[in-house]
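# Coordinate inspection notes
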Amino acid sequence: MQISVMRFLLLISVFLCLNWSCKGPFDGFTKIKRDEADCLADLKPVFSKVLYHADIDVIGKQLTGLLFFKTMPDSSKRVVFYNEMGLTFFDFEWNQDRFIVHYCMDKLNRNSVIKTLRKDFELVLMEGWGSAEPYLYNEKQQWIYPYRNGKEYRYYYADSTCTEISRLVSASKSKKIVEIELEKRINGMPAHILIEHRAVHFVIDLKQLPDNKE
Amino acid sequence: MKYGFFVCFLFCSFWGIAQDFKPVKDPVLFRKQFAESSDQIKSVKSDFVQEKNMSMLSEKITSKGKFYFKKEKMVRLEYTQPYNYLMIINGDNILIKDDKKTSKVSASSNKMFKQINEIIVDCLQGTAIGKKDYDITPFENSTQFMLELVPKSKGLKEFFKKIRIYVDKKDGSVSSLEMNEVSGDTTLMRFLKKELNANIGNEVFAAH
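Below: a short report on this structure. Remember, predicted model here, so these are calculated numbers, not experimental data.

Time to look at the overall build of chain B. Along chain B, the regular secondary structure elements total 4 helices and 12 strands. Looking at chain B residue by residue over its 208 residues, the buried ones come to 47%. Contacts in chain B between residues far apart in sequence, at least 24 positions, make up 44% of those at least 6 positions apart. When the accessible surface of chain B is totalled, it reaches about 11,100 Å², and 57% of it is carbon and sulfur.

In structure tokens, the structure reads:
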């Protein structure tokens, strides 16, 4: 009898674990078949150059500075982060399928840090999409467009008229990893970008600054 | 062909004259005079313009603000365009304030901050010349001295290849600061509308 109860409890535990791990972050949302051509490609940021004031909070440690996005003449994208006094922290480039680290200060030059920053900015720039999943989710007034790149899922939240992206989520099969809130675009890029990681306390808060004209 | 070479030579000569910094003739005498002249300056109040040159991107980003300096070791750098950012150095205490929050750091407990703190203060109050943290080579032209500092310590060498301090001969004050980074970028800070030895209250440098 005791053995049977134990087996039963074990079976229930396994069942619950399987059920939990099979739950996706969008379970419960309306799921519909996706058209082959959707509007999302038209929402990829198109900009010349944009400057943000950056406020970064990593496990209680604060770092501030300026984050500069530029589209180069060959269409590659550059992202440079430097402190208010001009000291460069990193300089990254996305050129077609290549990601290049032009510079990264020693203290940030760790694979895990660069990988995390790379993914965050790829989400914002809509680079490295992966392949479109054959379905969409609908939640209230928003459409959620899923993409998959290996084990990583990306979800782009667009409004009902598909003219603005308000949110981006990077997730595994079962949980959200990064959530990004975006405000309306100015100069081709969001006026405000808030990047929040879920597994650790890591927040990047970007506010677009006025055009830097002489 | 000869005309082309002549024009090129003239251009290069003109460029050389415009640059025109030559090593000082008597470095020992220079250090003595420089230290004396720096000693006369008790405070500085000015506007500043900072230009961050990202050479690989062919971009120059300009910031502006107000600068205050008072002996000993009190600096206030207040950025007003295109963002609000305040840094106050008062001895070993550093206060940083932006639109969102205020942070206080003790440079004595953070080696990196201490080093950067000291560079800024040394460059701005002209005491860099006496420090062993750099190899210093003095140059001059008709109107300015230029001190070229090459960092020696590992911490500083991580960030800077070279720092140049330009000092006006007429009053011994720092007119600009040029920081050449390991990344290849350069930041130039120019001090404008300088007032020397004006009365600046200590409350301007309150870092607590």
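Here we come to unusual backbone geometry. Residue Pro82(B) is bonded to the preceding Gln81(B) through a cis peptide linkage, with omega at -5°. Mapping Pro82(B) onto the fold places it in the loop between β4 (74-81) and β5 (85-90). You will see that Gln96(A), though not glycine, has its phi angle at about 55°, which is positive. You can see Gln96(A) is positioned in the loop between β5 (88-95) and β6 (98-104). With phi around 50°, Lys140(A) is a residue other than glycine that occupies positive phi space.

The biggest cluster of nonpolar side chains holds 96 residues, and the ones touching the most others in it are Leu40(A), Leu67(A), Phe90(A) and Tyr156(A). Here this core takes 6 residues from helix α2 (residues 111-125) of chain A, the largest share from any one element.

This next bit is on the interface of chain B and chain A. With 31 residues of chain B at the contact, the number on the chain A side is 30 residues. Across the chain B to chain A interface the summed buried area is about 2,700 Å²; carbon plus sulfur atoms make up 60%. Inspection of the chain B/chain A interface yields 2 salt bridges. Counting every contact that joins chain B to chain A gives 11 residue pairs in polar contact (both at pLDDT 80 or more). Of all the secondary-structure elements, those providing two or more residues to the side of chain B that touches chain A are β2 (43-54), β3 (59-70), β4, β5, α3 (111-125), β11 (174-181) and β12 (186-196) of chain B. Tallying contributions element by element places β3(B) first for the side of chain B that touches chain A, with 4 residues.

Okay, helix α2 (residues 27-40) of chain B next. Residues and elements named next belong to chain B. Along its 14 residues, α2 runs 20 Å from first to last C-alpha, staying within 8% of the 20 Å computed at 1.5 Å per residue. Buried within α2 we find Phe-30, Phe-34 and Ser-38. On an axial view of α2, the arc spanned by its buried residues comes to 60°, and they lie on one face. Across α2 from its buried face, at more than 90 degrees, point the exposed residues Val-28, Lys-32 and Gln-40.

As a further point, take the packing of aromatic side chains. Within the structure shown, the criterion is met by 23 aromatic pairs over all chains. What links up through ring pairs into an aromatic cluster is the set Phe47(A), Tyr52(A), Phe69(A), Phe81(A), Phe89(A), Phe90(A), Phe92(A), Trp94(A), Phe99(A) and Phe121(A). Over the face of the ring belonging to Tyr82(A) we find Lys52(B), whose NZ or CZ atom lies 4.9 Å from the ring centre. Its guanidinium or amino end placed over the ring of Phe145(B), Lys169(B) lies 5.0 Å from that ring's centre, counting from NZ or CZ.

We now examine α2(A). Taking 1.5 Å per residue, 15 residues should reach 21 Å; α2(A) reaches 21 Å between its end C-alpha atoms and fits that length. Positive phi appears at Met126(A), one or two residues downstream of α2(A), with a value of about 60°.

What follows deals with the pattern of salt bridges. Residue and element names in this part refer to chain A. For the structure shown, the criterion picks out 30 salt bridges over all chains. Taking the shortest distance from any N to any O, the salt bridge between Arg-78 and Glu-93 comes out at 3.9 Å. Remark: Glu-93 occurs in strand β5 and Arg-78 occurs in strand β4 (residues 77-82); sequence separation between them is 15 residues. A single burial state applies to Arg-78 and to Glu-93, both of which are buried. Overlapping salt bridges, with partners in common, bring together Arg-167, Lys-176, Glu-179, Glu-181 and Arg-198 in one network.

Residue and element names in this part refer to chain A. Among the 8 residues that make up β5, 8 are buried, leaving the element largely enclosed by the rest of the structure. Pairing of β4 with β5 involves 6 bridges; the strand directions are antiparallel. Pairing of Phe-81 across the sheet is with Phe-90, part of β5. Hairpin geometry of β4 and β5 is characterised by an intervening segment of 5 residues between the two adjacent antiparallel strands and by a positive phi of about 100° at Gly-86. With 6 bridges connecting them, β5 and β6 associate as antiparallel partners. Counted as the bridge partner of Glu-93 is Ile-100 from β6. Counted along the chain from β5 to the antiparallel partner β6, the turn is 2 residues long, and its residue Gln-96 has a positive phi close to 55°.

Reading the values: the criteria
- Residues numbered from 1 in each chain as written.
- Chains lettered and ligands numbered in written order.
- Predicted model: local features only at pLDDT ≥ 70, side-chain atom pairs only at ≥ 80, totals over all residues.
- Heavy atoms only, no water.
- Helix = DSSP H or I, 4+ residues; strand = E, 2+ residues; numbered from the N terminus.
- Buried < 20%, exposed > 50% of the residue type's maximum accessible area, 1.4 Å probe, protein only.
- Contact = heavy atoms within 4.5 Å.
- Areas by Shrake-Rupley, 256 points an atom, 1.4 Å probe, with all protein chains shown as cover.
- Core = buried A, V, L, I, M, F, W, Y, C linked by side-chain atoms within 4.5 Å.
- Buried area = accessible area lost by both parts, 1.4 Å probe.
- Salt bridge = Lys/Arg side-chain N within 4 Å of Asp/Glu carboxyl O.
- Polar contact = N/O pair within 3.5 Å; in protein donor to acceptor, adjacent residues only side chain to side chain.
- Expected span 1.5 Å × (residues − 1).
- Arc of directions from axis to C-beta.
- Phe/Tyr/Trp six-rings, centres within 6.5 Å; stacked < 30°, edge-to-face > 60°.
- Lys NZ or Arg CZ within 6 Å of the ring centre and 35° of its normal.
- Pairing = 2+ DSSP bridges.

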